[in-house]
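# Coordinate analysis (summary)
Each chain, written out:
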Amino acid sequence: IALVLAIGTCLSYYFTSRRPRTVFHTPAEYGLDGEEVTFRAADGLELRGCWIPAPHPSAPAVVILHGHGGSLDTDLHRAPAFRGAGFSVFLFDFRAHGASRGRVASFGYLERHDVLGAVAYARSRGASRVGLLGFSYGGIASMVAAPLCPDVNAVASDGGPVRMTTAIAGRGAEWGFPRWICRLFAWLIVAISSLRLRANLFRYEAVRWVGRIAPRPILFIHGEEDRYCIDFDDLWNAAAEPKEAWRLPGVGHTKASELYPEEFDRRVIAFFGKNLG
């Protein structure tokens, strides 16, 4: 028992530890004029972001939310398509990621404050309407934050895990461990992280929040071979209308934009164009 608890504690620190910036890009590399900014999360923590304005100051904005261990730099390549479609684009580093402050990542519990701060910043820059585009970890944060923020007008989630236990078990399966062991340790990791953060992280699973996003629309992008989201149907059933899903047979976790870049841009831009216009 002591060994299991020790391993669970070490893994808890692994999954919640700070992730420094490892990729470095600028908007200029993609022919864009962008502005490095700092802003505050809803709980006051200082975060780093990049604002890429549309020609029209009141144009709608798309806020892009990166995955676990990433940073805004890893998603800057996505900005030209949205900027070309007339949207302002806002990217930022989640707390404990990249150049933002913070020492602990929390699977959405604290990150919801980051999203709320980012939406408030986009609105302060004149955005008439705001959409969230979250990838994996960013998808969780988008689904947990949107019900708390009336200024979010539409949400798109690419590979946002239904439950962190499932996602962590999926990571373990990728490492080659039996799934039953992965499920056990995934539960233990979330439980220990909850004790460390003095918050019940199980309450901040996306499946518990996604139904509250309605009547605002949500688009799910789901690879049928995504080990992190094997329970995707639970998320789909929990979501209320209006909702739509782009399911991709044979595709893994957040691989849609890599394997089908043109269709990805077309679908997501059409979704935001319809709901943010």
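What counts and how
Residues numbered from 1 in each chain as written. Predicted model: local features only at pLDDT ≥ 70, side-chain atom pairs only at ≥ 80, totals over all residues. Heavy atoms only, no water. Helix = DSSP H or I, 4+ residues; strand = E, 2+ residues; numbered from the N terminus. Rg over C-alpha atoms; globule rule 2.2 N^0.38 Å. Buried < 20%, exposed > 50% of the residue type's maximum accessible area, 1.4 Å probe, protein only. Contact = heavy atoms within 4.5 Å. Expected span 1.5 Å × (residues − 1). 1 Å grid on protein atoms, 1.4 Å probe; cavity = no way out; pocket = protein on both sides within 12 Å on 5 of 7 lines; lining within 4 Å. Points joined across faces, edges and corners; volume = space filled by probe spheres on them. Nonpolar A, V, L, I, M, F, W, Y, C, P; charged D, E, K, R; others polar. Salt bridge = Lys/Arg side-chain N within 4 Å of Asp/Glu carboxyl O. Phe/Tyr/Trp six-rings, centres within 6.5 Å; stacked < 30°, edge-to-face > 60°. Lys NZ or Arg CZ within 6 Å of the ring centre and 35° of its normal.

Another aspect to go through is the overall build of the chain. A tally of regular secondary structure across the chain gives ten helices and eight strands. Against the compact-globule benchmark of 19 Å for 277 residues, the chain has a radius of gyration of 18 Å, which places it among compact chains. For the chain, the spread of C-alpha atoms along the principal axes amounts to about 60 × 40 × 35 Å. The proportion of buried residues among the 277 residues of the chain is 55%. Within the chain, contacts between residues at least 6 apart in sequence are counted, and of these 73% link residues at least 24 apart.

With that settled, consider helix α3 (residues 111-124). Compared with an ideal rise of 1.5 Å per residue, which puts 14 residues at 20 Å, α3 spans 20 Å between its outermost C-alpha atoms and is within 8% of the ideal. Taken together, the buried positions of α3 are E111, R112, H113, D114, V115, L116, G117, A118, V119, Y121 and A122. At the C-terminal side of α3, G126 shows a positive phi close to 105°.

For the rest of this paragraph, the subject is empty space enclosed by the protein. For the coordinates displayed, the defined rule picks out three cavities of 30 Å³ or more. Taken together, S106, F107, Y109, M164, T165, V190, L201, F202, Y204 and E205 make up the lining of the largest cavity. Tallied by class, residues from the lining of the largest cavity come to seven nonpolar, two polar and one charged. By volume, the second largest cavity is sized at about 40 Å³. Every residue lining the second largest cavity is listed: R21, H25, T26, P27, E36, R48, C50, L72 and L76. Residue composition of the lining of the second largest cavity, by class: four nonpolar, two polar and three charged.

The next thing to look at is the pattern of salt bridges. Taken as a whole and assessed by the stated rule, the structure comprises 19 salt bridges. The shortest N-O distance in the salt bridge between D93 and R48 comes to 3.0 Å. Residue D93 is found in the loop between β4 (88-92) and α3, and its partner R48 is found in strand β2 (residues 46-52); the two are separated by 45 residues along the sequence. The pair D93 / R48 is uniform in exposure class, with both members buried. A salt bridge links R247 to E224, with the nearest nitrogen and oxygen atoms 3.7 Å apart. Within this pair, whereas R247 is found in strand β8 (residues 243-248), its partner E224 is found in the loop between β7 (218-223) and α8 (232-238), the two being separated by 23 residues in sequence. A residue is classified by how much of its surface remains accessible, and E224, at 36% relative accessible area, is partly exposed. Within the structure, one salt-bridge network assembled from shared partners comprises R21, R48, D73 and D93.

Another aspect to go through is the packing of aromatic side chains. In this description, an aromatic ring pair is defined by two values, namely the gap between the centres and the angle between the planes. Within this structure, the stated rule accounts for 21 aromatic pairs. Aromatic rings pair up to connect F39, W51, F90, F92, F94, Y121 and Y137 into one cluster. Taking NZ or CZ as reference, R78 lies 3.8 Å from the ring centre of F135, over its face. Above the ring of W236, the side-chain terminus of K243 is found at 4.3 Å from the ring centroid.

All right, on to the environment of S106 then. One can find S106 in the loop between β4 and α3. Sequence separation of S106 and A199 is 93 residues, and the distance between their C-alpha atoms is 9.7 Å. For S106, the residues in contact, after removing those within four places along its chain, are E111, Y137, L197 and L201.

Just distances and angles here, no functional claims.
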